[in-house]
Amino acid sequence: MKITLDLSKLVEEGRLTPAEAERLKRLAAGDTGSLGVNILVGFGVISVALGLAALFQDITAGFVAGGALFALGTFLTYTRGQQWWLLAQICTVLGALIFCGTLMVYFEGSLAALATVTVLLAGAGILARSGLLMAASVLTLGACLGAKAGYWHATYALAIYEPLLTVLLFSGLALATYWLSHRLPADYERLALMASRTAVLMVNFGFWIGSLWGDRLLLLRGLTRAERPDVVVQDWVFGVGWALALVAVGAWGVKANRRWVVNIAAVFAAIHFYTQWFERLGATPVSVLLAGVIMLAIALALWRFNSGGAAPQEKAA
């Protein structure tokens, strides 16, 4: 588990010695550098994979190249140690993405292909110990339910056609992977937490879409062939449920000292608040002013809550 400490403050209060603070700072610097490398590798590998997938004219070449790169990366990961770690990560992630992308093209994006790619990405993520592949597997599971994102000139789009099922499925996945993270070694704990966090994002996306349009339960109607009203689950149900879930999860995050959970709850609480506020009142000067005042009041209340729960300062001897 990762935590955040204000080393300067702790040294001033006498809770840490300068030597202890310096040691922690050096350890954190290595972790921060590794994070920066991981981010650059992630973006670079995705770009290269997309470019190669577009250039490959032969499906067989895509399968062979992807499989060979993944096999090489896995071999380096388990036999060559830390000095080959970066090259191993590049090969495994690039190979998995090329192979799965080729599979999607070959089967024309069918549901069976999406389900297969979900399993393959999860397995590849575990073998390669790659958080990027693990997150990609969770997002691909969302695509199995019809979730998609798009971009055109100065416009971003998010589509989720099964909000209720998305909320239920990914809530269960988030809880299961979080529970599993407490029972795994550190490397695999990180992967489980990555899957859990990505699932939390999908839950919030499901609530967001549902709070605007409700849920027509298209999958259920298609499976049962039953006559149902256009909107079975009303938008206000998602709106209220989302608010309650954010409050509960945020409070748990504060109590359990899970900073990421608190931050994500705060971000989506702001999105929820402003979405519902302007959907109902519109973007007028008065509504903008009141929205800002209310958000500041909430921030003040949260700050007072955190201050009240803080540990008392130790008295100097």
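Below is a summary of the structure that appears in this document. (Residues numbered from 1 in each chain as written. Predicted model: local features only at pLDDT ≥ 70, side-chain atom pairs only at ≥ 80, totals over all residues. Heavy atoms only, no water.)

A few words now on the nonpolar core. Within the largest apolar cluster, 22 residues are counted, with the highest numbers of intra-cluster contacts made by Val-138, Phe-170, Ala-199, Val-203, Phe-207, Trp-242 and Phe-268. Only helix 6 (131-144), helix 7 (163-181), helix 8 (186-213), helix 10 (235-255) and helix 11 (259-281) provide two or more residues apiece to this core. The residues touching Phe-170, leaving out its near neighbours within four places in the chain, are Val-138, Leu-141, Gly-142, Leu-145, Ala-199, Met-202 and Val-203. Membership of the second largest hydrophobic core comes to 9 residues, among which are Leu-103, Val-117, Leu-121 and Ala-124. (Core = buried A, V, L, I, M, F, W, Y, C linked by side-chain atoms within 4.5 Å. Buried < 20%, exposed > 50% of the residue type's maximum accessible area, 1.4 Å probe, protein only. Helix = DSSP H or I, 4+ residues; strand = E, 2+ residues; numbered from the N terminus. Contact = heavy atoms within 4.5 Å.)

With that out of the way, let us pick up a nonpolar patch on the surface. A surface patch of nonpolar side chains, about 410 Å² in accessible area, is lined by Trp-236, Val-237, Val-240 and Leu-244. In this fold, Val-240 is placed in helix 10. (Patch = residues over 30% accessible without salt bridge, like charges linked within 9 Å, V, L, I, M, F, W, Y side chains within 5 Å. Areas by Shrake-Rupley, 256 points an atom, 1.4 Å probe, with all protein chains shown as cover. Salt bridge = Lys/Arg side-chain N within 4 Å of Asp/Glu carboxyl O.)

Another aspect to go through is the packing of helix 6 against helix 7. Between helix 6 and helix 7, whose axes approach to 11 Å, the crossing angle comes to 160°. Judged by the angle between their axes, helix 6 and helix 7 are roughly antiparallel. Our pair here, helix 6 against helix 7, has a crossing hand that is right-handed. Residue-level contacts link Val-138, Leu-141 and Gly-142 of helix 6 to Leu-169, Phe-170 and Leu-173 of helix 7. Split by residue class, the contact of helix 6 with helix 7 holds 5 nonpolar, 1 polar and no charged. (Axes fitted to C-alpha atoms, helices over the stretch in contact; angles between N-to-C directions. Parallel < 35°, antiparallel > 145°, perpendicular 65-115°, else oblique. Left-handed = near helix turned anticlockwise from the far one by under 90°. Nonpolar A, V, L, I, M, F, W, Y, C, P; charged D, E, K, R; others polar.)

Bringing helix 3 (residues 59-79) into the picture now. Along its 21 residues, helix 3 runs 30 Å from first to last C-alpha, staying within 8% of the 30 Å computed at 1.5 Å per residue. Listed in full, the buried residues belonging to helix 3 are Gly-62, Gly-66, Phe-70, Gly-73, Thr-74 and Leu-76. Here the buried residues of helix 3 occupy an arc of 165° about the axis, which is enough to place them on one side. Tucked into the core, helix 3 has its buried residues touching helix 4 (85-106) and helix 5 (111-128). (Expected span 1.5 Å × (residues − 1). Arc of directions from axis to C-beta.)

A few words on helix 11. Along its 23 residues, helix 11 runs 32 Å from first to last C-alpha, staying within 8% of the 33 Å computed at 1.5 Å per residue. Of the residues making up helix 11, those classed as buried are Val-261, Ile-264, Ala-265, Phe-268, His-272, Phe-273, Thr-275, Gln-276 and Trp-277. One or two residues past the end of helix 11 sits Gly-282, with phi positive at roughly 80°.

Here we take up the pairing of strand 1 (residues 148-152). Sheet analysis places strand 1 next to strand 2 (residues 155-159), joined by 5 bridges and oriented antiparallel. Residue pairing in the sheet places Ala-149 in a bridge with Leu-158 of strand 2. (Pairing = 2+ DSSP bridges.)

A complete count under the given rule lists 9 aromatic pairs for this structure. Taken together, the ring pairs connect Phe-63, Phe-99, Tyr-106 and Phe-107 into an aromatic cluster. (Phe/Tyr/Trp six-rings, centres within 6.5 Å; stacked < 30°, edge-to-face > 60°.)

Below, the discussion takes up the packing of helix 10 against helix 11. As a packed pair, helix 10 and helix 11 sit with axes 9 Å apart at the nearest point and diverge in direction by 155°. As the angle between them shows, helix 10 and helix 11 are arranged roughly antiparallel. Two packed elements cross with a definite hand, and for helix 10 against helix 11 that hand is left-handed. Facing Asp-235, Gly-239, Trp-242, Ala-243, Leu-246, Val-249, Gly-250, Trp-252, Gly-253 and Val-254 of helix 10, the residues of helix 11 in contact are Val-261, Val-262, Ala-265, Phe-268, Ala-269, Ile-271, His-272 and Arg-280.

We now examine unusual backbone geometry. A positive phi angle, near 55°, is found at Glu-108, a position not held by glycine. Considering the arrangement of structural elements, one finds Glu-108 in the loop between helix 4 and helix 5. Judged by relative accessible area, which is 73%, Glu-108 ranks as exposed. For Arg-129, which is not a glycine, the phi torsion comes out positive at approximately 55°. Checked against the element boundaries, Arg-129 lands in the loop between helix 5 and helix 6.

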